[in-house]
Amino acid sequence: GGAVEVEGYLQDEDKQGGAPRKEHYEDQQMQEMGGQGDTSRALRTQDDTPPVSPLCIRIQVHAEGITEALLFHVDLLASAIRQAVMIKDHKSFLKVHPNTFRGQAAIEWLRGHAARALFGSEAEKEKNQQLSRSVALLLGQKLLAVGVFRQVTGSLTKPLEDPNALFRFHEDEKEGPLLNCRSIWFQNAREPLLVVSELLYTMLSLRLKYPDRDIREIEELNNFTASAAELQLVNINDLSRIQLLAFFLNAYNLMVLHAHVVRGSVDGTDFKSQKIPFTRDNQYMIAAYNYSLAEIEERLFCRMLRAKFPKKSDKSRAPEPRVHFALSLGCASSARIRIYQPETLDEDLQQAAVEYLTTNAPKNRMRMQQQSQGGKRVQEVMLPKIFKWYKDDFGFSKQEILAYYASFMPQGMREELTEVARTNNFIIKYDKYDWNLHLGKACSEVVRQPGRQLIANAPHQPQGGGQQPSQFNNQQQVFTPSAHEVG
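Residues numbered from 1 in each chain as written. Predicted model: local features only at pLDDT ≥ 70, side-chain atom pairs only at ≥ 80, totals over all residues. Heavy atoms only, no water.

**Description of the overall build of the chain**
Next, step 1: Assigned secondary structure in the chain consists of 19 helices and 12 strands.
Next, step 2: Relative to its 487 residues, the chain shows a buried fraction of 50%. (Helix = DSSP H or I, 4+ residues; strand = E, 2+ residues; numbered from the N terminus. Buried < 20%, exposed > 50% of the residue type's maximum accessible area, 1.4 Å probe, protein only.)

Below, the structure written as structure tokens:
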């Protein structure tokens, strides 16, 4: 026989290509798998085709000079697998994993049905069995990628080939880390910046509408969670650097607020001990990839990439230090949350930095006293704690750091601090960081941004329709590309 190749990709039903097909399989067999036969082709030619475009998986098999193309509806396929496998509490290494199933059971079910759909009466031939298993593994990988189920235990490299690997369907998750995967988004996703801005505005409004109430059980939160699933399939590949920065700023703050709601966080709670697990464990699926808060921080600050360059070189500098004053954990000492858009990103980041840092200006004026240190009189400057934790993001010497801080101060204070930095006759001390949660304060900025309400009131495109023309395209970049992107 000739070479055998199997390939597959996700697509929307209304964007199918015209790949050649053999028609020897039965429509009934295809429908058992969630695939489409003659009935679906007839539907696509009718005038009353619904506007929703289901997410599909197209599998193309090239063997012995013949190309076979099969199309599967993701939601129908997921329902069929769910009925076929045994979902129960499995024990692995003394730990019980509730509501899980073995991946091998799903693959074996897919293999059997793929063999019958592709080869009919010749399904049991060894060559056809091997090809059917390849199709089954590819289908399983695609379902895993879009979050129909997630891996719980087993091999990190080839989980679907691990006979002991366990998986769990999204509807069986209780309070898992993927906050926006209580349901799966099966339609076209709209413009990513529009989606994330709408979601952030909605969450901010919910927090302000119910400031003293646990909103986990209200219907509005259920609606929000279902809408947040749209981020699973947004396309961020075509966004510019500035658009990506605005997108991930909004996504980070959205995830923080959503996580606090899901976890039942209460204002006044000391958050310090929760910070690391909170940023590590809370995740969103964005563009078919699972992002934790910590991973978004890494993407924004490029610390691992910068570490590869010589320290104090231009390429080891933070791409945009003002991002520190835009991210919020919901604490009393955190920044207020804004909705960022590419058109005004430079202006908004500047305003956020000035607002955050000038709150410490009175303390600096009072502490700008001459202190005695080893017989030498030096100035003492008080800076926010964030300058201690991430000092390399703001400068490579205390003079650089103080000069950076001074650039956001009112004119009189700026001149005074700049002169202190120039003389290099000073020491830096750091203000105490208030870790107590204050979500009402973090969300209060939305009240002062009435223009942002246009986001929530923007025409909502029917789910499944084509993407709207992006209002963010062709924006002039307001930042110089970072050193990592030059040369």
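On we go.
**Some remarks on unusual backbone geometry**
Next, step 1: Phi at L94 is positive, roughly 70°, even though this residue is not glycine.
Next, step 2: Tracing the backbone through its elements, the reader meets L94 in the loop between β4 (88-92) and β5 (95-102).
Next, step 3: A residue is classified by how much of its surface remains accessible, and L94, at 80% relative accessible area, is exposed.
Next, step 4: Positive phi, normally seen in glycine, also occurs at A287, with a value near 55°.

**So, the pattern of salt bridges**
Next, step 1: Tallying each qualifying case throughout the model produces 17 salt bridges.
Next, step 2: Among the salt bridges present, the one from R317 reaches E400, with a minimum N-O distance of 3.1 Å. Of the two residues, R317 sits in the loop between α11 (303-306) and α12 (345-358) while E400 sits in helix α16 (residues 398-406), which places them 83 residues apart along the sequence.
Next, step 3: Of the residues examined, R317 reaches a relative accessible area of 31% and is grouped as partly exposed.
Next, step 4: Among the ionic contacts, a cluster of salt bridges with common partners joins R190, E198 and E230. (Salt bridge = Lys/Arg side-chain N within 4 Å of Asp/Glu carboxyl O.)

**Points about the environment of K272**
Next, step 1: Checked against the element boundaries, K272 lands in the loop between α8 (241-262) and α9 (275-281).
Next, step 2: Among the residues examined, K272 registers a relative accessible area of 54% and is labelled exposed.
Next, step 3: Between the C-alpha atoms of K272 and N436, which are 164 residues apart in sequence, the distance is 7.8 Å.

**Concerning the nonpolar core**
Next, step 1: Counting 86 residues, the largest nonpolar core has F247, L249 and F387 as its most contacted members.
Next, step 2: The dominant element in this core, judged by the number of residues it contributes, is α8, at 16 residues.
Next, step 3: Ignoring sequence-local partners within four residues, the contact set of F247 consists of P192, L193, V196, L231, V234, I236, L239 and I286.
Next, step 4: Listed in part, the 35 residues of the second largest apolar core include F119, L139, V146 and F169. (Core = buried A, V, L, I, M, F, W, Y, C linked by side-chain atoms within 4.5 Å. Contact = heavy atoms within 4.5 Å.)

**Thoughts on the confidence of the model for the chain**
When pLDDT drops low, the exact placement of atoms in the prediction is not to be read closely.
Next, step 1: Confidence along the chain averages 77 in pLDDT terms, with 75% of residues attaining 70 or more.
Next, step 2: Here helix α2 (residues 38-44) is the element of the chain with the lowest mean pLDDT, 31, and α8 is the one with the highest, 95.
Next, step 3: Ignoring residues within four places in sequence, the model shows residues 13-52, a span with pLDDT below 50, making 82 contacts including any to other chains.
Next, step 4: Within the model, pLDDT remains below 50 along residues 450-487, and this stretch shows 80 contacts once partners closer than five positions in the same chain are excluded. (pLDDT = per-residue confidence, 0-100.)

**Let's talk about the packing of aromatic side chains**
Next, step 1: One pass over the structure, following the stated rule, counts 21 aromatic pairs.
Next, step 2: Look at F387 and Y405: their rings are 5.7 Å apart centre to centre, the planes differ by 85°, and that puts the pair in the edge-to-face class. Taken together, the positions of F387 in helix α14 (residues 386-389) and Y405 in helix α16 put the pair 18 residues apart, joining distant regions of the chain.
Next, step 3: Take F387: its relative accessible area is 0%, and that puts it in the buried class.
Next, step 4: Taking the centre distance of 4.7 Å and the plane angle of 55° together, the rings of Y433 and W435 count as tilted.
Next, step 5: The buried category is assigned to Y433, whose relative accessible area is 12%. (Phe/Tyr/Trp six-rings, centres within 6.5 Å; stacked < 30°, edge-to-face > 60°.)

**Regarding the packing of α8 against helix α10 (residues 293-301)**
For any two helices packed against each other, one specifies the inter-axial angle together with the distance between the axes.
Next, step 1: In contact at an axis separation of 10 Å, α8 and α10 are set at 155° when each is read in the N-to-C sense. Judged by the inter-axis angle, α8 sits roughly antiparallel to α10. Handedness of the crossing formed by α8 with α10: left-handed. Listed contacts from α10 to L244, L245, F248, L249, Y252, M255 and V256 of α8 are L293, I296, E297, R299 and L300.
Next, step 2: Grouping the amino acids of the contact of α8 with α10 by side-chain chemistry returns 10 nonpolar, no polar and 2 charged. (Axes fitted to C-alpha atoms, helices over the stretch in contact; angles between N-to-C directions. Parallel < 35°, antiparallel > 145°, perpendicular 65-115°, else oblique. Left-handed = near helix turned anticlockwise from the far one by under 90°. Nonpolar A, V, L, I, M, F, W, Y, C, P; charged D, E, K, R; others polar.)

**A few points about the sheet that holds β5**
Next, step 1: Taken in spatial order, the 4 strands of this open sheet run β4-β5-β7-β6, and their pairing is antiparallel. A single partner strand is all that each edge strand has here, and the edge strands are β4 and β6 (149-153). Mean inter-strand twist for the sheet, computed between neighbouring axes without regard to direction, equals 55°.
Next, step 2: Where β4 meets β5, 4 bridges bridge the pair, whose relative direction is antiparallel. (Pairing = 2+ DSSP bridges.)

**Some thoughts on the pairing of strand β8 (residues 283-286)**
Next, step 1: With burial as the criterion, each face of β8 is covered, one bearing Q283 and M285 and the other bearing Y284 and I286.
Next, step 2: As paired elements, β8 and strand β9 (residues 289-292) share 4 bridges and run antiparallel to each other. Along β9, the bridge assignment pairs M285 with N290.

**A word on α12**
Next, step 1: Its 14 residues give α12 an end-to-end C-alpha distance of 20 Å, which sits within 8% of 20 Å, the value for a rise of 1.5 Å per residue.
Next, step 2: Considered for burial, the residues of α12 that qualify are L345, D348, L349, A352, A353, Y356 and L357. Seen end-on, α12 carries its buried residues on one side only, within an arc spanning 150°. (Expected span 1.5 Å × (residues − 1). Arc of directions from axis to C-beta.)

**What about the environment of R338?**
Next, step 1: Tracing the sequence through the fold places R338 in the loop between α11 and α12.
Next, step 2: Sequence separation between R338 and L204 is 134 residues; the distance between their C-alpha atoms is 9.4 Å.
Next, step 3: At a separation of 3.4 Å, a polar atom in the side chain of R338 contacts the side chain of E355. (Polar contact = N/O pair within 3.5 Å; in protein donor to acceptor, adjacent residues only side chain to side chain.)

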